[in-house]
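# Coordinate analysis (summary)
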Amino acid sequence: MGSEDVLKSASTLASYNVLLQVMFRVLTFLLNAFTLRFVSKELIGVVNVRLMLLYSTLVFLSREAFRRACLSGEGAGRNWRQVINLLWLTFPVGCVWGVLLVCVWWWLLQAPDPESIPHYVPAVGLFCLAALTELLAEPLWVLAHAHMFVRLKVIAESLAMIAKCLVTVVMVVSTPQWGLYIFSAAQCVYAGFLLLCYVLYFVRFLGSEEAEKKLFPVSHIKDLLPSRVDHEPLLNWKLTTLTWSFFKQSFLKQILTEGERYVMTFLNVLNFGDQGVYDIINNLGSMVARFLFLPIEESFYVFFAKVLERGRDVRHQKQEEVSMVAEVLECLLKLVLLIGLIITVFGYAYSHLALDIYGRELLSSGAGPALLRCYSCYVLLLAINGVTECFVFATMSKEEVDRYNLVMLGLSASFLLLSYWLTWMLGGVGFILANCCNMALRITHSIVYIHRYFLQSEYTPLWGLRPHSAVIIALGLSSILTICSESMLCCDGGWLLRLVHVAVGGVCLMGVVITVFLTETKLVQFVRTQLLPKYSKKRT
């Protein structure tokens, strides 16, 4: 697959991923709004913080390193038999992590009050079982992702999420007294549907004419199981050592990504009720970041890793591919920067109204609006960091990855200390401020790396971080107008004044978008030709 084909496939994958994540976040958004009417905020805190932390930790530590290594450019002309053998190690690794984490969650952490939140112990076991079920699909997921099976991921994760939502809604309405069993069952259904979709697809696909036409490296379903070929080692040791390097990095990245949940879980700086409120606002604030920025990061990591050879400087890469990568990186940086700035500007003035509509006084009173305003600023940093680290991780050599692990170690330690100190002083806002500090440091490291990488070439993709002055002026005026509108019209004067406040924001947003279209023509062309499915050739 040539570089242009890889770019088109990565762009299509990003577009479908964005649509998929939009659906996920909208469903989760509606599900949280619905369950708030039937269950307590303490129960939501236990599920969304304590139990989902167990799930995400087990899954992330068991598979992230394998994904990054097996999808990297090291695999050009790879032996897929050895790759599949390596990927099956995710399950035994997950079993080891599962035993350790379940013991911690059962015996070392403070359990919730069994009178108000019963069934905690079996819920921990069921969430662990769901995570292990999802890990069984990992070899199939990597094969599908490496060969750009876009529709498979969309259909599988869509069906799994819909099934999870249906189970949750039905059980919350019919048997709310089951408490944690409801969310445990829903998570098991999600993992089971995900595994079933991947298995059924590959049972149908392998051996078909379509597979032969694409020269798919696996021809029979039994080839998806671990096995050994004569005169070949069981594993590719170069790929295995790269996986180990990414594993050490993934451990630290997980602490940074879920740091506030670890602090809440292990240090008890917030009670379960406050944890529930914080998590709801955190999910609300990060909705756009997760359904837009994360799919772009995942998809273009594949593009950068396939087009550039890991560990080689820019002078020894194919120059036409370096030119393409530089242009794509510049446009991606400009795109996420502008989206982040828009969210920051409009999020500040509309946080109180959004929380009042979504969760009524439960969320709009107290520290809720301040939390969401801070998170609007944090989204800007999330946007930039996602793209810069996407490029850095795709091009670093194994030695550079190992050195960066030391940087991540320092960031992890400082983040945990800073988050504990700021939370003790400022409450939930302290978590967001600590995340902002760490994200700024990670962005600085990535920018320095990108600058040095392109230093001996004619390309300067970091110019993407400099928006047009007219866009800055439009954003500044919008910020002033919407803040004034909020102070005069929102949120105690009735729905008519609220609608006027929303209209002011709509006019300002339209002005910003028109300014972007008129001044950022290169970015607009990139979005039209690469990110929108109707302008991209669909490759599955």
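The model shown is predicted, which means the values in this text are computed figures rather than measured ones.

Turning next to the nonpolar core. Ranked by internal contacts, the top residues of the largest apolar core, which has 170 residues, are Tyr198, Phe202, Phe304, Phe391 and Phe454. The residues touching Phe202, leaving out its near neighbours within four places in the chain, are Leu140, Leu143, Ala144, Phe149, Leu152, Phe216, Ile221 and Leu224.

Right, let's talk about the packing of helix α2 (residues 41-70) against helix α4 (residues 90-108) for a bit. In contact at an axis separation of 9 Å, α2 and α4 are set at 150° when each is read in the N-to-C sense. Taken together, the axes of α2 and α4 are roughly antiparallel relative to one another. For the element pair α2 and α4, the recorded crossing hand is right-handed. Facing α2, whose interface residues are Arg50, Leu53, Leu54, Thr57, Leu58, Leu61, Ser62, Arg63 and Phe66, α4 presents Thr90, Val93, Gly94, Trp97, Gly98, Leu101, Val102 and Trp105. Across the contact of α2 with α4, the residue classes tally to 10 nonpolar, 5 polar and 2 charged.

With that settled, the discussion passes to the pattern of salt bridges. Enumeration according to the criterion identifies 11 salt bridges in this entry. Notably, a salt bridge pairs Glu64 with Arg68, separated by 3.1 Å at the nearest N-O pair. Here the residue Glu64 and the residue Arg68 both occupy positions in helix α2, the gap between them amounting to 4 residues, near one helical turn. Of the two residues, Glu64 and Arg68, both sit in the buried class.

Bringing helix α14 (residues 319-359) into the picture now. The largest bend in α14 amounts to roughly 60° and is located at Tyr350. Buried residues dominate α14, accounting for 31 of its 41 residues. At the C-terminal side of α14, Arg360 shows a positive phi close to 55°.

Attention now goes to the packing of α2 against helix α11 (residues 259-267). The geometry of α2 relative to α11 is characterised by a closest axis approach of 10 Å and an angle of 120° between their N-to-C directions. The angle between α2 and α11 places the two elements in the oblique class. Considering how the two elements wind past one another, α2 and α11 form a crossing that is left-handed. Contacts from Asn48, Val49, Arg50, Met52, Leu53 and Thr57 in α2 reach Arg261, Tyr262, Met264 and Thr265 in α11. Partitioned by chemical class, the residues of the contact of α2 with α11 number 5 nonpolar, 3 polar and 2 charged.

Within the chain, residue pLDDT values average 84, and 91% of them lie at 70 or more. Across the chain, helix α5 (residues 120-135) holds the top mean pLDDT of 96, while helix α1 (residues 3-35) sits lowest at 65. Across residues 533-540, confidence stays below pLDDT 50; counting only partners more than four residues off in sequence or on other chains, it has 23 contacts.

The next subject is the side chain of Thr240. Mapped onto the elements of the fold, Thr240 is located in helix α10 (residues 237-257). Its relative accessible area of 17% is what places Thr240 among the buried residues.

Checked against the element boundaries, Ile472 lands in helix α19 (residues 469-489). For Ile472 and Leu406, which are 66 residues apart along the polypeptide, the C-alpha to C-alpha distance reads 37 Å.

What follows concerns the packing of aromatic side chains. Inspection of every chain in the model, using the stated rule, returns 19 aromatic pairs. Taking 5.9 Å as the distance between ring centres and 90° as the angle between the ring planes, the aromatic pair formed by Trp105 and Phe266 counts as edge-to-face. With a gap of 161 residues between them, Trp105 in helix α4 and Phe266 in helix α11 connect regions that are remote in the sequence. Residue Trp105 is classed as buried on the basis of its relative accessible area of 1%. Since its relative accessible area comes to 39%, Phe266 is described here as partly exposed. Every member of this aromatic cluster is reached through a ring pair, and the members are Phe300, Phe303, Phe304, Phe391, Tyr449, Tyr453 and Phe454. Positioned above the aromatic ring of Trp141, the side-chain terminus of Arg67 is 3.5 Å from the ring centre. One residue, Arg498, lies across the ring of Trp495, its end atom 4.7 Å from the ring centre.

Procedures and definitions
Residues numbered from 1 in each chain as written. Predicted model: local features only at pLDDT ≥ 70, side-chain atom pairs only at ≥ 80, totals over all residues. Heavy atoms only, no water. Core = buried A, V, L, I, M, F, W, Y, C linked by side-chain atoms within 4.5 Å. Buried < 20%, exposed > 50% of the residue type's maximum accessible area, 1.4 Å probe, protein only. Contact = heavy atoms within 4.5 Å. Axes fitted to C-alpha atoms, helices over the stretch in contact; angles between N-to-C directions. Helix = DSSP H or I, 4+ residues; strand = E, 2+ residues; numbered from the N terminus. Parallel < 35°, antiparallel > 145°, perpendicular 65-115°, else oblique. Left-handed = near helix turned anticlockwise from the far one by under 90°. Nonpolar A, V, L, I, M, F, W, Y, C, P; charged D, E, K, R; others polar. Salt bridge = Lys/Arg side-chain N within 4 Å of Asp/Glu carboxyl O. Bend = angle between axes of the 7 residues up to and from the residue. pLDDT = per-residue confidence, 0-100. Phe/Tyr/Trp six-rings, centres within 6.5 Å; stacked < 30°, edge-to-face > 60°. Lys NZ or Arg CZ within 6 Å of the ring centre and 35° of its normal.

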